[in-house]
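# Descriptive analysis of the structure
Here is how the chains run, residue by residue.
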Amino acid sequence: MMLLPRHLRGLSHRFAQILQAVLPGHCGMCGGKTLGVEPLCQQCTKALEKPHEPSCPRCAVPYPTCGNVSWECGMCRTSPPSFDTVITAFSYGPHVKTLLMELKERTRTWPARVLAEALVTQLERSHVNIKNFHALVPVPASTVSFSRRLLNPPAVISDKLSPIIKIPVVKHVLLHKGNVSKQSELSFKDRMNNIRGTFIVRNREKVQGKNVFLVDDVVTTTATVRECARELKKAGASQIVVLAGARA
Ligand SMILES: [Zn+2]
Ligand SMILES: [Zn+2]
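Everything in this summary refers to the structure shown in the same document. (Residues numbered from 1 in each chain as written. Chains lettered and ligands numbered in written order. Predicted model: local features only at pLDDT ≥ 70, side-chain atom pairs only at ≥ 80, totals over all residues.)

## Notes on the overall build of the chain
Counting secondary structure elements, the chain contains nine helices and eight strands. Counting over 248 residues, the chain shows a buried share of 34%. The contacts in the chain between residues at least 6 apart in sequence include a share of 70% that link residues at least 24 apart. (Helix = DSSP H or I, 4+ residues; strand = E, 2+ residues; numbered from the N terminus. Buried ≥ 20, exposed ≤ 12 C-beta atoms within 10 Å, placed from the backbone. Contact = placed C-beta atoms within 7 Å.)

As structure tokens, this is what we get:
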């Protein structure tokens, strides 16, 4: 159920919803006026960085060239991931970073709606047929980051996506086993070694033979989604497509 602003609470819910839709609201990013229930003003919506083109058709890493490029990057060719492709709502620029901070650090849930709606737009533009997919699986958080934020951003994005694309979020399947030591200083190979064995799949019957959307908030080196996809494949998942809020 939509949480109404304080000044509209106490009115009948339906009446308050109608009022909220016609009264101006406030943009979650700049504080400016918005139309009805929109979380962002038109300017901030336009400023969000669109997915980079061209990019690797497999892992969506941006290519520094122009034009229509269809070949996979060197990393995907030498070390193919277990997922088929990465669909991303946005590329990771300063405005998208602010949007993600609202979700990850200020634990607001409205940015997840913005990310979910943009993901649906990008899915519809892609060759991926949503109707062939059976489950949304969020990348799980470590206990430490979950207890710090009290939410798992990929799970919140999955919850917003689920009613739009009518695919259930499958919980208690992909689990985080513990903490991973800091990844940012490591090379790609060391990251992959560092993260190996971090995730496990329980209740594998929920993904066996299923086509799975693996959901993450930001994909940077692909080490995390590669490892999650590897475990899901081992558990019998059929096709895996990564849905990312942003691709760095
Ligand atoms: Zn704004
Ligand atoms: Zn690639």
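On we go.
## Brief notes about the nonpolar core
Formed by 57 residues in total, the largest nonpolar core has its most connected members in Leu119, Val137, Val207, Val212, Leu214, Leu232 and Val242. The greatest single-element share of this core, amounting to seven residues, is contributed by helix α5 (residues 110-125). Shared between two domains, this core holds at least three residues of each, these being domain 1 (9-47) and domain 2 (49-247). Once you skip the residues sitting within four places of it in the chain, valine 212 turns out to touch Ala135, Val137, Val207, Leu232, Ala237 and Ile240. (Core = buried A, V, L, I, M, F, W, Y, C linked by C-beta atoms within 7 Å. Domains from an automatic or database assignment.)

## A look at the sheet that holds strand β3 (residues 85-91)
Read from one edge of the open sheet, four strands run β3-β8-β7-β4, paired in parallel fashion. Only two strands of the sheet have a single partner each, and these edge strands are β3 and β4 (135-138). Across the sheet, the axes of successive neighbouring strands diverge by a mean angle of 25°, strand direction being ignored. Relative to strand β7 (residues 212-219), β4 is paired through four bridges, and the arrangement is parallel. When the sheet's bridge partners are listed, valine 137 is paired in β7 with leucine 214. Running over the sheet, helix α4 (residues 94-104) touches β3, β7 and β8 (240-247) and is turned about 110° from β7. (Pairing = 2+ DSSP bridges. Axes fitted to C-alpha atoms, helices over the stretch in contact; angles between N-to-C directions.)

## A look at helix α7 (residues 153-165)
Taking 1.5 Å per residue, 13 residues should reach 18 Å; α7 reaches 18 Å between its end C-alpha atoms and fits that length. Against α4, α5, β4, β7 and β8 lie the buried residues of α7. Looking one or two places after α7, you find lysine 166, whose phi comes out positive at around 55°. (Expected span 1.5 Å × (residues − 1).)

## Brief notes about the packing of α5 against α7
Contact geometry of α5 with α7 gives a least axis separation of 8 Å together with a crossing angle of 50°. By the angle between their directions, the pair α5 and α7 is classed as oblique. You can see that α5 and α7 cross each other, and the crossing is right-handed. Counting all contacts with α5, which are made through Ala112, Arg113, Leu115, Ala116, Leu119 and Val120, the residues of α7 involved are Val156, Ile157, Lys160, Leu161, Ile164 and Ile165. (Parallel < 35°, antiparallel > 145°, perpendicular 65-115°, else oblique. Left-handed = near helix turned anticlockwise from the far one by under 90°.)

## Concerning the packing of helix α8 (residues 188-195) against helix α9 (residues 223-234)
Packed helices, taken two at a time, are described by their axes: the angle between them and the distance between them. Close contact between α8 and α9 brings their axes to 9 Å; oriented N to C, the two are set at 45°. The angle between α8 and α9 places the two elements in the oblique class. For the element pair α8 and α9, the recorded crossing hand is right-handed. Along the contact surface, α8 presents Phe188, Arg191, Met192 and Ile195, while α9 presents Ala223, Thr224, Arg226 and Glu227.

## Notes on unusual backbone geometry
Among all residues save glycine, negative phi is the norm, and among peptide bonds the norm is trans. With an omega dihedral of -5°, the bond running from glutamate 53 to proline 54 counts as a cis peptide bond. By the secondary structure assignment, proline 54 is in the loop between α2 (42-47) and α3 (74-78). Unusually for a residue other than glycine, alanine 60 sits at a positive phi of about 65°. Along the chain, the position of alanine 60 falls in the loop between α2 and α3. Overall, the presence of 22 C-beta atoms within 10 Å leaves alanine 60 in the buried class. With a phi angle near 55°, lysine 166 is a residue other than glycine that sits in the positive phi range. Along the chain, lysine 166 turns up in the loop between α7 and β5 (174-176). Judged by C-beta crowding, with 9 C-beta atoms within 10 Å, lysine 166 ranks as exposed.

## Thoughts on the environment of tryptophan 110
Structurally, the position occupied by tryptophan 110 is in helix α5. Owing to 17 C-beta atoms within 10 Å, tryptophan 110 belongs among the partly exposed residues under this scheme. A C-alpha to C-alpha distance of 9.6 Å links tryptophan 110 and isoleucine 157, two positions 47 residues apart in sequence. Leave out the neighbours within four places in its chain, and tryptophan 110 touches Gly28 and Pro39.

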